[in-house]
Amino acid sequence: MTQTTTPLDPAGGAAVDAAGNAPTDALTSGSGSAPDSALTGDALTADAGALAGAGVDIPFRVLLAVEGVGTEDNDGLTRVFPLGVLTWRTLPITFQAQLVDAPGHDGAMIAGRIDTITRLPGAAADTQEVWGTGVLDGDPGTVGRETARLNRKRMFTGVSVDLVGTQYDVEVTGEDEDGCPTSLTVTFSKAKIGKATACTLQALAQARFEVIDADASVDVQSPDAPALALAASSLPAYRIIEP
């Protein structure tokens, strides 16, 4: 049983940004502008007095998704993003943290923001990795600061993306003796990243974030980026939310 939807032409699988253009820099935002340009102006300028006692925001990098591989969830679902399918909303976007054990992303709270997203060649053949960089809220007592503390101890590293504007095909890949589906493959032809959530159990094991030391360069191509390994879990790899 297959559900057919209108496919998105990813221009032959070429690397593209959210506007459909090839990125020109490894740390270029989806709108094609440098990260700093999106963070200037009166709208983001706080009164100096309001910042008294504030902490310094904490930089991080994140592997959001991998195109060209599928997940194998315990619920019998396999989700696949073909090369070039993923796009993202205008940056910056929200980065949440789910510090409680709850279904989906229930209980997640704002921890920071993602300022840049780019697509890079994957570690495995015929794959592409969607990387982001951003900052966690470093003010005392914030979710962002607690997220950074746990991440530095390697206790909290997983990430799941929240998708909008999705189109996909569903294929039954397994049935029981009564003809009821036991496994499904969902292949996305269109999906846009609306936000991302740090969590403790992500289905796509590659999807991880890492806090960067203040004196280190934020380089998504660094050889000490989070290790990649495929694994299954009981949670969906990607949560679909309303556009």
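You'll find the structure just up there.
Only a predicted model underlies this, so the values are computations on that prediction, with no experimental measurement involved. Residue indices begin from 1 for each chain and proceed along its sequence in written order. pLDDT decides what is reported in this predicted model: residues at 70 or higher carry local features, side-chain atom pairs at 80 or more are listed and counted, and totals for whole chains, interfaces and linings draw on all residues regardless. Hydrogens and waters are ignored; side-chain quantities use all the structure's heavy atoms.

(A) View of the overall build of the chain. Here a strand is any run of E in DSSP of at least two residues, a helix any run of H or I of at least four, and the numbering for each starts at the N terminus. The secondary structure content of the chain amounts to one helix and ten strands. Each helix and strand of the chain, ordered N terminal to C terminal, gives the series β-β-β-β-β-β-α-β-β-β-β. Between buried and exposed lies partly exposed: a residue is buried under 20% and exposed over 50% of the maximum accessible area for its type, with that area taken using a 1.4 Å probe on protein chains only. Across the 243 residues in the chain, those meeting the buried criterion constitute 43%. Surface accessibility of the chain: about 12100 Å² in total, with carbon and sulfur atoms responsible for 52%. Each accessible area is a Shrake-Rupley result for a 1.4 Å probe, and residues are judged covered by the shown protein chains and nothing else.

(B) Looking closely at the nonpolar core. Core analysis: the biggest nonpolar cluster contains 36 residues, and L64, F95, I114 and I193 have the highest contact counts within it. Of the residues forming this core, the biggest block, six residues, is contributed by strand 8 (residues 181-199). Core analysis: the next-biggest nonpolar cluster, separate from the first, contains six residues, L63, L120, W131 and L204 among them. Joining through side-chain atoms within 4.5 Å is the link that ties buried Ala, Val, Leu, Ile, Met, Phe, Trp, Tyr and Cys residues into a set, and such a set is a nonpolar core.

(C) Seen up close, a negative patch on the surface. Only residues whose relative accessible area exceeds 30% and that take part in no salt bridge are eligible for patches, with like-charged residues grouped when within 9 Å of each other and nonpolar side chains (Val, Leu, Ile, Met, Phe, Trp, Tyr) grouped when within 5 Å. Salt bridge criterion: a side-chain nitrogen from Lys or Arg within 4 Å of a carboxyl oxygen from Asp or Glu. As used throughout, the charge tally considers Lys and Arg to be positive and Asp and Glu to be negative, leaving His and the chain termini uncounted. Here the site of a charge means NZ on Lys, CZ on Arg, CG on Asp, or CD on Glu. Taken together, the side chains of E175, D176, E177 and D178 define an acidic patch exposed on the protein surface. Examined against the element boundaries, D176 turns out to sit in the loop between strand 7 (158-175) and strand 8.

(D) The arrangement of the pairing of strand 7 in detail. Bridge count between strand 7 and strand 8: 15 bridges; the pairing is antiparallel. Bridged to E175 within strand 8 is P181. Being paired, for any two strands, means DSSP has found at least two bridges between them. Hairpin connection, strand 7 to strand 8: the antiparallel pair is bridged by five residues, and G179 has positive phi, about 85°.

(E) Expanded view of the packing of aromatic side chains. Pairing of aromatic side chains requires ring centres within 6.5 Å, counting the rings of Phe and Tyr and the six-membered ring of Trp. Pairs whose planes differ by under 30 degrees are stacked, by over 60 edge-to-face, and all others tilted. The final tally for this structure, using the stated rule, is six aromatic pairs. Between F81 and F188, the aromatic rings sit 4.6 Å apart at their centres with planes inclined by 25°, giving stacked as the arrangement. Placement of F81 in the loop between strand 2 (77-80) and strand 3 (86-88) and of F188 in strand 8 is noted, with a sequence separation of 107 residues between them. Taking the relative accessible area as the measure of exposure, F81 reaches 1% and is therefore buried. On the basis of relative accessibility, which here comes to 2%, the residue F188 falls in the buried class.

(F) Up close: the pattern of salt bridges. Summed over the entire model, instances satisfying the criterion amount to four salt bridges. Its salt-bridge partner being E67, residue R119 comes within 2.8 Å of it at the nearest N-O pair. A residue pair is termed long-range when its members are at least 10 positions apart, and R119 in strand 5 (residues 109-121) and E67 in strand 1 (residues 58-67) qualify at 52 residues. Comparing R119 with E67, the two get one shared label, buried.

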